Amino acid sequence: MRIAVVAESFLPQANGVTVTLLRLLEYLAARGDEVLVLAPAAGRGQDEVTCYAGASVRRFRAVPLPGYGELRLSTPRVRTLEDHLRSFDPDVIHLAAPFLLGWQAIGAAHALDLPSVAVYQTEVPSYAKRYRIGRIEPLLWRRIEDIHKSATLSLAPSSYACGQLIDRGVHRVAVWPHGVDRDRFSPVHRDDALRSQLAPGGEVLVGYVGRLAREKQVEDLATLQDLPGVRVVIVGDGPRDAWLRRVLPRATFTGRLDGRDLPRMMASLDAFVHTGEMDTFAQTIQEAQACGVPTIAPARGGPIDLIQHGENGFLYAPGDLEAMRAQVAWLVQHPVSRAEMGMTARESTDGRSWDAVNEQVTVHYRNAIRFAESDREAGHRPARRWLLTR
């Protein structure tokens, strides 16, 4: 197939949307598909990636999001997108976490009568409350609704996220989860020397891995700081780094880890706590599980699908930090059960390779093409409820 991918973020930005997209591009290249990526331009002083896994990458002028400079926003004219798409002549358009650039791309897809697959990956509207601009949340949800109701087919990474779209009147929604590299993230990378360095007194290592941003609620880990026999380790960077270091003075901050360092750290943990309540999937939970580490997270969003409560980890009611603290304390006090949960966590990732999940998306592409043909024959076109900047 010929696939045009429109991405709200791309290299060199490192986030869940980008990582998922890179694995998809690698899979499509191995299949022999032809891919064009349309994405925002990187910031000044950052290298522009013009090709990845055989896919050509074309950039559009972008500006940084105020207060979150790593996220760059791009809104090219619909007519400009039409020109790029008409030249490439794709069979289907893949919209990765569409919101601004993806909004314009939906308009171009309609103008060219092309089938589209929109992937809901980020719960942007709920971020408004965390960033103290809750009054615009309804408007943001309206944008999400309009994009996904206008796409030929929508995908979501978890049953919870899928339900969010369905509850808002979006039809043709399917679950498309994320994969995990079980060779890279594996218990074999557990490092006793690293553990001795981080926990010289033999403490239980409880870790968080991810962005240090407001919506991740990393400050909730403060409730674990005085838990006897526990050492909190925080891996990652982001706009809240300095503030969190003040809030969590007893925690060890490693900064962002890449390459072999990340799986080595994750496999060396005894428990993994994911504090964010707005993740549509929570990929780091799955990576920790592949490393044989029991996981704890709020019972909302993606973690609901990943954590089987009491088997490979624990779920707690959002905001119930006392419950989260009690779950960590239980793991500290029951090392044998903790090890058993870790083995179960590893087993729960079996069959979730990137190739396995990306094979699913090619089926969704074919379904979208078939749905578009059926709509065309029936004379049906989704409502256009946006202002197009042509």
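Everything numeric in this text was worked out from a predicted model, so none of it was measured.

How each quantity is defined
Residues numbered from 1 in each chain as written. Predicted model: local features only at pLDDT ≥ 70, side-chain atom pairs only at ≥ 80, totals over all residues. Heavy atoms only, no water. Helix = DSSP H or I, 4+ residues; strand = E, 2+ residues; numbered from the N terminus. Buried < 20%, exposed > 50% of the residue type's maximum accessible area, 1.4 Å probe, protein only. Axes fitted to C-alpha atoms, helices over the stretch in contact; angles between N-to-C directions. Parallel < 35°, antiparallel > 145°, perpendicular 65-115°, else oblique. Left-handed = near helix turned anticlockwise from the far one by under 90°. Contact = heavy atoms within 4.5 Å. Nonpolar A, V, L, I, M, F, W, Y, C, P; charged D, E, K, R; others polar. Pairing = 2+ DSSP bridges. 1 Å grid on protein atoms, 1.4 Å probe; cavity = no way out; pocket = protein on both sides within 12 Å on 5 of 7 lines; lining within 4 Å. Points joined across faces, edges and corners; volume = space filled by probe spheres on them.

Before going further, it helps to spend a moment on the environment of Val-235. As for its position among the elements, Val-235 is in strand E12 (residues 230-235). Residue class for Val-235 comes out buried when judged on its relative accessible area of 3%. With 30 residues separating them in the primary sequence, Val-235 and Met-265 have C-alpha atoms 8.7 Å apart.

The next subject is the packing of helix H3 (residues 101-111) against helix H5 (residues 137-150). A pair of packed helices can be characterised by two numbers: the angle between their axes and the separation between those axes. One can describe the packing of H3 onto H5 by two numbers: an axis separation of 10 Å at closest approach and a directional angle of 25°. Considering their axes alone, H3 and H5 lie roughly parallel with respect to each other. Judged by the twist between their axes, the crossing of H3 over H5 is left-handed. Listed contacts from H5 to Trp-103, Ile-106 and His-110 of H3 are Arg-143, Asp-146, Ile-147 and Ser-150. Here the contact of H3 with H5 is built from residues that sort into three nonpolar, two polar and two charged.

Of the two faces of strand E9 (residues 153-156), the one lined by Leu-153 and Leu-155 and the one lined by Ser-154 and Ala-156 are each fully buried. Summarising the sheet, strand E8 (residues 116-119) and E9 pair through three bridges and their orientation is parallel. Note on E9: the bridge partner recorded for Ala-118 is Ser-154.

Turning next to empty space enclosed by the protein. Under the criterion given, the structure shown has one cavity of 30 Å³ or more. Roughly 40 Å³ of internal volume is contained in the largest cavity. As for the largest cavity, its lining consists of Val-17, Thr-20, Leu-21, Leu-24, His-94, Ala-96, Gln-121 and Trp-176. Those elements that place two or more of their residues in the lining of the largest cavity are helix H1 (16-31) and strand E7 (92-96). Here the element with the most residues in the lining of the largest cavity is H1; it accounts for four residues.

Between H1 and helix H14 (residues 354-378), whose axes approach to 10 Å, the crossing angle comes to 75°. The angle between H1 and H14 falls in the class roughly perpendicular. Contacts between H1 and H14 involve Thr-20, Arg-23, Leu-24, Tyr-27, Leu-28 and Arg-31 from the first element and Trp-354, Asp-355, Asn-358, Glu-359, Val-361, Thr-362, Tyr-365 and Arg-366 from the second. Grouping the constituent residues of the contact of H1 with H14 by class yields six nonpolar, three polar and five charged.

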